[in-house]
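Coordinates in review
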Amino acid sequence: MELYDVIQSRRSIRAYKPDAVEADKLNRVLEAGRLAPTAANRQPVQILVITGAAREKLKAAYGREWCWSAPAVIVVCSQSDRAWTRSDGKCFADVDAAIVMDHIILAATAEGLGTCWIGAFDAKALSSALSLPEELEPVVLTPLGYPAESPAARDRRPLEAMVQHVTS
């Protein structure tokens, strides 16, 4: 699939087939995340792939059954002590984690897989369920699997409402 087709066809999927994701597809998706740009190339992220019975223990962090019905869940965590920080104190750990997840989601779409960006979860409960060390903060997660639905595109703001050209 060509990049712009991938971008236009990506949807938030909330229903998944039970079919496992093939190892080669999963590895290509994860490799896309690994290759994502990060501030100063610090790569302050950890990508977790949750499969099998381990998905059950994550329900306390996000109770939507459709999420855990996917054959895999990917969690991207940031590690702020490894991240680049701008001179005004802005730490880019969460930005880097978001870029990594975006690459993962677009690569999954190119592979015919479904995802749904989820930030509305209980980070403390997720950290506890995964026994994460203190320095890792879960930033975003997505189910990963074959879509069992084909949702229509959602409305987007017009380009003119989002872009401002500054010339002087």
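Look a little higher up for the structure.
Keep in mind that what you see is a predicted model, and the values were worked out from it rather than measured.

The phi torsion at N41 lies on the positive side, around 55°, for a residue other than glycine. Along the chain, N41 falls in the loop between α2 (23-34) and β1 (45-51). Take N41: its relative accessible area is 52%, and that puts it in the exposed class. For Q43, which is not a glycine, the phi torsion comes out positive at approximately 50°. Positionally, Q43 belongs in the loop between α2 and β1. A residue is classified by how much of its surface remains accessible, and Q43, at 35% relative accessible area, is partly exposed.

The next thing to look at is the nonpolar core. Counting residues in each nonpolar core, the largest one holds 24 residues, and the members touching the most others are V75, I118, L126 and L141. Sorting the residues of this core by element identifies β1, α3 (65-68), β2 (72-78) and α5 (123-130) as the ones contributing at least two each. Ranked by the residues each element gives to this core, the list is headed by α5, at four residues. Core analysis: the second largest hydrophobic core is formed by 20 residues, V21, L26, V76 and Y146 among them.

On the surface, R14, R64, R154 and R156 cluster together into a patch of positive charge. By the element assignment, R64 lies in the loop between β1 and α3.

The next subject is the pattern of salt bridges. In total, this model carries six salt bridges according to the counting rule given. Notably, a salt bridge pairs E111 with R28, separated by 2.6 Å at the nearest N-O pair. A residue pair is termed long-range when its members are at least 10 positions apart, and E111 in the loop between α4 (93-110) and α5 and R28 in helix α2 qualify at 83 residues. Assessed through its relative accessible area of 18%, E111 is described here as buried. Across the pair E65 and K59 runs a salt bridge whose closest N-O atoms are separated by 3.1 Å. In this structure E65 comes out as partly exposed when scored by relative accessible area, which is 47%. The network of salt bridges with shared partners includes D24, R28 and E111.

The rules behind the values
- Residues numbered from 1 in each chain as written.
- Predicted model: local features only at pLDDT ≥ 70, side-chain atom pairs only at ≥ 80, totals over all residues.
- Heavy atoms only, no water.
- Helix = DSSP H or I, 4+ residues; strand = E, 2+ residues; numbered from the N terminus.
- Buried < 20%, exposed > 50% of the residue type's maximum accessible area, 1.4 Å probe, protein only.
- Core = buried A, V, L, I, M, F, W, Y, C linked by side-chain atoms within 4.5 Å.
- Patch = residues over 30% accessible without salt bridge, like charges linked within 9 Å, V, L, I, M, F, W, Y side chains within 5 Å.
- Areas by Shrake-Rupley, 256 points an atom, 1.4 Å probe, with all protein chains shown as cover.
- Salt bridge = Lys/Arg side-chain N within 4 Å of Asp/Glu carboxyl O.
- Lys, Arg positive; Asp, Glu negative; His and termini not counted.
- Charge placed at Lys NZ, Arg CZ, Asp CG, Glu CD.

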